[in-house]
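The residues making up each chain are set out below.
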Amino acid sequence: MVDCSLISLIRGAIPPDPPYLSLSCTMSTDYFLHKGINFSSVMYSEERLDYVENEFQVRDDDVFNITFPKSGTNWMMEILSLICRNGDPTWCQEVPIWERIPWLDISGRWQLIDKEETPRFHSSHLPIQLFPKSFFTSKAKVIYTARDPKDVLVSLYHFAHETSLIKTPNSFEEFVEDFLQGTVPFGSWFEHVRGWMSMKDKSNFLFITYEELKQDHRGTVMKICKFLGKELKNEDIDSVVEHSSFNIMKENKMSNQSLAPDYIVNKNSFMRKGISGDWRTIFTKAQEEYFNRIYQEKMKNLDVKCLWDES
Ligand code: A3P
């Protein structure tokens, strides 16, 4: 049973988590290659990635919110925050989202993570091969959220114009190529999903899609509660659904990233559209066919059917 009641008290007892404090305030976008994958030097470091993979000690009651960027990470952070508090939105209204379900892989806060009492919730974009080794012998839980890769690409493309974490693309065409080649931060979407799907039959792994959340928000929240062993009353579930809706998150400065520095994301651009199928507004027919061909090749033999496969 997950009981998060102590988390904010414990976090409150430590000086405010400085997620960006140790970062240089440069606006220049630079990547470094770590084990074949591009990472933004603005928020990541070799040292941190090595620490996370080789030294970080996962606990049996840890819960990880894992995604490829732009797949609904912050949406899941909000849902988990609300589930932790039995639907009470106060935590979400008073504490920035990155302090509630903090990033595992970002530089500058591992001392804090190790001090936290259990259960700990973490967010991460790491591909499975860079994940903490200690996770694989633990009972810790992973919620992996995936999204239609064409929508991920489009969301990432727009985000790249609003952040210094991602190189600004010269054109959409060029960005399609970067995405398919896996030269964007966190590498190939295909390898990310395939890698994590190797866990799909494990009882400590829950696979969710952004589309499923859009289609059946309440049902998916209930599925997450069941996975976490958390029993919520009907009205609490209603509250989780209401307070993690796009419109409420967009208006909540603790959740819409408007408190993050501009070099992370320009004001008010993070909660962009929050819809499925936005790729149709920008992909040409030729790009769609090209993308689908590569998708078929790279995802063949993967025994998973996603909602976007039907569209
Ligand atoms: P769009 O750019 O397509 O609007 P991440 O948190 O992984 O970076 O993902 C960001 C994407 O999730 C953005 O997509 C954002 O609008 C969307 N998103 C965030 N909160 C959402 C919510 N409550 N409902 C639907 N989409 C949401």
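This text follows the structure it describes.
A quick note: this is a predicted structure, and the numbers were derived from the prediction, not measured. (Residues numbered from 1 in each chain as written. Predicted model: local features only at pLDDT ≥ 70, side-chain atom pairs only at ≥ 80, totals over all residues. Heavy atoms only, no water.)

So, on to the overall build of the chain. Looking only at helices and strands, the chain has 14 helices and six strands in total. Expressed as a percentage of its 311 residues, the buried residues of the chain come to 59%. Summarising the internal contacts of the chain: among those between residues at least 6 apart in sequence, 74% fall at separations of at least 24. When the accessible surface of the chain is summed, it comes to about 13,700 Å², and 51% of that surface belongs to carbon and sulfur atoms. (Helix = DSSP H or I, 4+ residues; strand = E, 2+ residues; numbered from the N terminus. Buried < 20%, exposed > 50% of the residue type's maximum accessible area, 1.4 Å probe, protein only. Contact = heavy atoms within 4.5 Å. Areas by Shrake-Rupley, 256 points an atom, 1.4 Å probe, with all protein chains shown as cover.)

For the rest of this paragraph, the subject is the pairing of strand 1 (residues 31–34). Bridge analysis of strand 1 against strand 2 (residues 37–40) gives four bridges, and the strand direction is antiparallel. In the strand pairing of strand 2, Leu33 is matched with Asn38. In this antiparallel pair of consecutive strands, strand 1 and strand 2, the connection spans two residues, and Lys35 shows a positive phi of 50°. (Pairing = 2+ DSSP bridges.)

Right, let's get into the side chain of Asp148. Relative to the elements of secondary structure, Asp148 occurs in the loop between strand 5 (141–146) and helix 7 (149–160). At a separation of 3.0 Å, a polar atom in the side chain of Asp148 contacts the main-chain amide nitrogen of Lys150. (Polar contact = N/O pair within 3.5 Å; in protein donor to acceptor, adjacent residues only side chain to side chain.)

What follows covers unusual backbone geometry. With phi around 50°, Lys35 is a residue other than glycine that occupies positive phi space. Of note, Lys35 is situated in the loop between strand 1 and strand 2. Look at Lys35 and you get exposed, because its relative accessible area is 53%. Its identity as a non-glycine residue notwithstanding, Gln257 has a phi of 70°, on the positive side.

So, on to the packing of aromatic side chains. Tallying each qualifying case throughout the model produces 28 aromatic pairs. Ring plane angle 25° and centroid distance 6.1 Å describe the contact between Tyr144 and Trp196, whose orientation is recorded as stacked. Here the residue Tyr144 occupies a position in strand 5, and Trp196 occupies one in helix 9 (residues 189–197), the gap between them amounting to 52 residues. The same class applies to Tyr144 as to Trp196, namely buried. Grouped by ring-pair contacts, the aromatic residues Phe68, Tyr157, Phe172, Phe175, Phe179, Trp189, Phe190, Trp279, Phe283, Phe291, Tyr295 and Trp308 constitute a single cluster. Looking at Arg85, its charged tip hangs above the ring of Trp91, at a distance of 4.3 Å from the centre. When the ring centre of Trp279 is taken as origin, the NZ or CZ atom of Lys150, which lies over that ring, is 4.4 Å away. (Phe/Tyr/Trp six-rings, centres within 6.5 Å; stacked < 30°, edge-to-face > 60°. Lys NZ or Arg CZ within 6 Å of the ring centre and 35° of its normal.)

Within the open sheet, the four strands sit side by side as 4-3-5-6. Their pairing is parallel. Unpaired on one side and paired on the other, strand 4 (121–124) and strand 6 (205–209) mark the two borders of the sheet. For this sheet, the mean angle separating the axes of adjacent strands, direction not counted, is 20°. Note that strand 3 (residues 63–67) and strand 4 share four bridges and pair parallel. Counted as the bridge partner of Val63 is Phe121 from strand 4. Sheet contacts for helix 9: strand 3, strand 5 and strand 6; angle to strand 5, the most-contacted strand, approximately 145°. (Axes fitted to C-alpha atoms, helices over the stretch in contact; angles between N-to-C directions.)

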